[in-house]
Amino acid sequence: MHQTEQEVRHIFEWLCETPHPSGGEQALAQKIMDRFAGMGLHPWKDAYGNVFCDVPASQGRENEPCVALQAHLDMVCAVGSADYVPERDPIHPIERDGCLCTAGESSLGADCGAGAAVMLWLIEHVEDHPPLRLIFTVEEEIGLQGARQLDPKGVEGVRSLINTDGFHWGRIVTGSASGVRESYTRSLTLADAPKLPKGQAYRLTLDGFQGGHSGFDIGRKHENALVLMGELLRELRMESPFALIDFEGGTAFNAIPYHCRAEVLTIAPVREVIELIAARIEERWQAHEPNGKLTIEEIALPEQVWNGDAASGLLTVLGGFADGIYAMHERIPHAVADSSNLGHVYVKDGIIHLDAMIRCINAQAEQALQTSHRMVAGMCGFTGEVTSRYPAWKEQADGYLCRTAAACYRKVTGQEPEIMVQHVGLEPSLLLEKNPEMECICVGMELADCHSPKECWKLDTIVPFVQMLTELMCTL
């Protein structure tokens, strides 16, 4: 193993020891600040909890413009094991097939822990650099809240900002989509379960799907388990009446759902009917989701079931809600421009919750998707609100920073980088509002299946990524 790779991995594993879900990053923030203090640096926090640390320039470069390196501290804690508690448990990285991952109990947190680890490595090893500012934001995964609330002094005087939240080695991102988080709710009324002499209750579980990031993975034919379960239940209702006992699935606005569970009460045993319906739907997903499966369990008859209107409303929303790709980019081949993800359905305190996320390059598409969602949800008894929104990051492909980063990539690899606008929410969209004079890029290593327990980090991209950033520090 290359020494640099080993050192970066060691820092990442050090980060993983401290839980850091969105809203629970402060223990890790303090740990990083203590590390800086131990190096003789003087870190500080703004009122929202974002962490900053200035690193003095190398001798002779003191008067050069400041360069910022930036990552977010929080992670999407996709849980793959009932025993795993994100707020309590550390992450346990393992190596498998040339990648760093977990054993499936949780997501890895390489988004954005990998970038944070490289930043910490750079300031401890790179000797030739301009004045640097390290910025670690919080609550990125719940609407870029740290960047939104960031004290403008944190980017004051910065000429170039390098965001390390990229998922693909060899890609330089110079713009990004807007993001809108929507929450829809309706009250849930329960009724006494009907007395059915031949009645049977079933727990239906869809699991094993790839899931993933609703921006990076939305164009990869990763099935939405919520949408599939809705289709299965609607077809079942055409074959046999049933009452809904319970329904839940997905994990977050911005994660493609990889599991869903529904419990139903039927007037008679219908296992074979469910299996036939599932087999028809499975034909569509098997080619690209071979690990997706339906489990059918017989369970005890319930005492209560959902009110019929609530059950019908949910099943109709699951069928009519715009989910997946809405439009492809007009200029960039194979790039998604506008999309929607129905990410989480759950019941809490007698309220049915639906959480969704819209990502758009085109402002008109964003408005059209919001209107469609409001109409469908409204007809099904749901009311909604936008819980957060961030703007698109207007493309900066012709700037000095992008050109210099591309030259450094060519020097390290001998190849041309891919320069593009990306279908994700990235913090430069909000940081640029606080310092419009900055140039920004987003770069990173190769990550896959982020926001899911299958998340992995391709280890052989660590060293070239570090080499590129080291070269960039020397050149800027």
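Our subject is the structure listed above.
Residues numbered from 1 in each chain as written. Predicted model: local features only at pLDDT ≥ 70, side-chain atom pairs only at ≥ 80, totals over all residues. Heavy atoms only, no water.

S.K.: Can you walk me through the overall build of the protein chain in this structure?
M.R.: If you tally the helices and strands in the protein chain, you get 11 helices and 23 strands. Since a compact globule built from 476 residues should have a radius of gyration of about 23 Å, the 24 Å found for the protein chain is in line with a globular shape. With the C-alpha coordinates aligned to their principal axes, the bounding extent of the protein chain is approximately 85 × 45 × 45 Å. Of all 476 residues assigned to the protein chain, the portion counted as buried reaches 59%. Expressed as a percentage of contacts within the protein chain between residues at least 6 apart in sequence, the contacts between residues at least 24 apart total 80%. Per element, the accessible surface of the protein chain, about 19200 Å² overall, is 50% carbon and sulfur. In the protein chain, which carries 38 positive and 67 negative side-chain charges, the distance between the mean positions of the two groups comes to 3 Å. (Helix = DSSP H or I, 4+ residues; strand = E, 2+ residues; numbered from the N terminus. Rg over C-alpha atoms; globule rule 2.2 N^0.38 Å. Buried < 20%, exposed > 50% of the residue type's maximum accessible area, 1.4 Å probe, protein only. Contact = heavy atoms within 4.5 Å. Areas by Shrake-Rupley, 256 points an atom, 1.4 Å probe, with all protein chains shown as cover. Lys, Arg positive; Asp, Glu negative; His and termini not counted. Charge placed at Lys NZ, Arg CZ, Asp CG, Glu CD.)

S.K.: Can you help me understand the packing of aromatic side chains in this one?
M.R.: The geometry of an aromatic ring pair comes down to the distance between the two centres and the angle between the two planes. For the coordinates displayed, the defined rule picks out eight aromatic pairs. Centroid distance tyrosine 184 to phenylalanine 321: 5.9 Å. Interplanar angle 80 degrees. Geometry classified as edge-to-face. One end of the pair, tyrosine 184, is in strand 9 (residues 178-187); the other, phenylalanine 321, is in the loop between helix 7 (308-320) and strand 16 (324-328), and 137 residues separate them in sequence. Tyrosine 184 gets classed as buried once you look at its relative accessible area, which sits at 3%. Ring pairing ties together the aromatic residues Trp169, Tyr409 and Phe465, which thus form one cluster. It is lysine 31 that lies over the ring of tryptophan 14; its NZ or CZ is 4.6 Å from the centre. Sitting above the plane of the tryptophan 14 ring, arginine 35 keeps its charged end 4.5 Å from the centroid. (Phe/Tyr/Trp six-rings, centres within 6.5 Å; stacked < 30°, edge-to-face > 60°. Lys NZ or Arg CZ within 6 Å of the ring centre and 35° of its normal.)

S.K.: How do you make sense of the pattern of salt bridges when you look at a structure like this?
M.R.: In the structure shown here, the tally under the stated rule is 23 salt bridges. Arginine 35 is paired through a salt bridge with glutamate 124; the nearest N and O atoms lie 2.9 Å apart. In this pair, arginine 35 is assigned in helix 2 (residues 26-38) and glutamate 124 in helix 3 (residues 110-125), connecting sequence segments 89 residues apart. Across the pair aspartate 89 and arginine 88 runs a salt bridge whose closest N-O atoms are separated by 2.6 Å. Under the relative-accessibility criterion, aspartate 89 is labelled buried at 14%. Through salt bridges that share partners, Arg203, Asp246, Glu248, Arg261, Glu263 and Glu297 make up one connected network. (Salt bridge = Lys/Arg side-chain N within 4 Å of Asp/Glu carboxyl O.)

S.K.: Sorry if this is basic, but what is going on with the packing of helix 5 (residues 225-239) against helix 7 here?
M.R.: In a packed pair of helices, the relevant descriptors are the angle between the two axes and the axis-to-axis distance. In the contact formed by helix 5 and helix 7, the axes pass within 8 Å of each other and the chain directions differ by 125 degrees. Judged by the inter-axis angle, helix 5 sits oblique to helix 7. Between helix 5 and helix 7 lies a crossing of left-handed hand. Where helix 5 abuts helix 7, its residues Leu226, Val227, Gly230, Leu233, Arg234 and Arg237 lie against Ala311, Ser312, Leu315, Leu318 and Gly319. Considering only residue class, the contact of helix 5 with helix 7 consists of six nonpolar, three polar and two charged. (Axes fitted to C-alpha atoms, helices over the stretch in contact; angles between N-to-C directions. Parallel < 35°, antiparallel > 145°, perpendicular 65-115°, else oblique. Left-handed = near helix turned anticlockwise from the far one by under 90°. Nonpolar A, V, L, I, M, F, W, Y, C, P; charged D, E, K, R; others polar.)

S.K.: I would appreciate a short explanation of the sheet that holds strand 22 (residues 447-448) in the present structure.
M.R.: Pairing between the strands of a sheet is mediated by backbone hydrogen bonds and can be parallel or antiparallel. An order of 4-5-23-22 is seen for the four strands of this open sheet, with the pairing classed as antiparallel. The sheet terminates laterally at strand 4 (94-96) and strand 22, the two strands that pair on one side only. Pairing between strand 5 (residues 99-101) and strand 23 (residues 456-458): two bridges, direction antiparallel. Bridged to cysteine 99 within strand 23 is lysine 458. (Pairing = 2+ DSSP bridges.)

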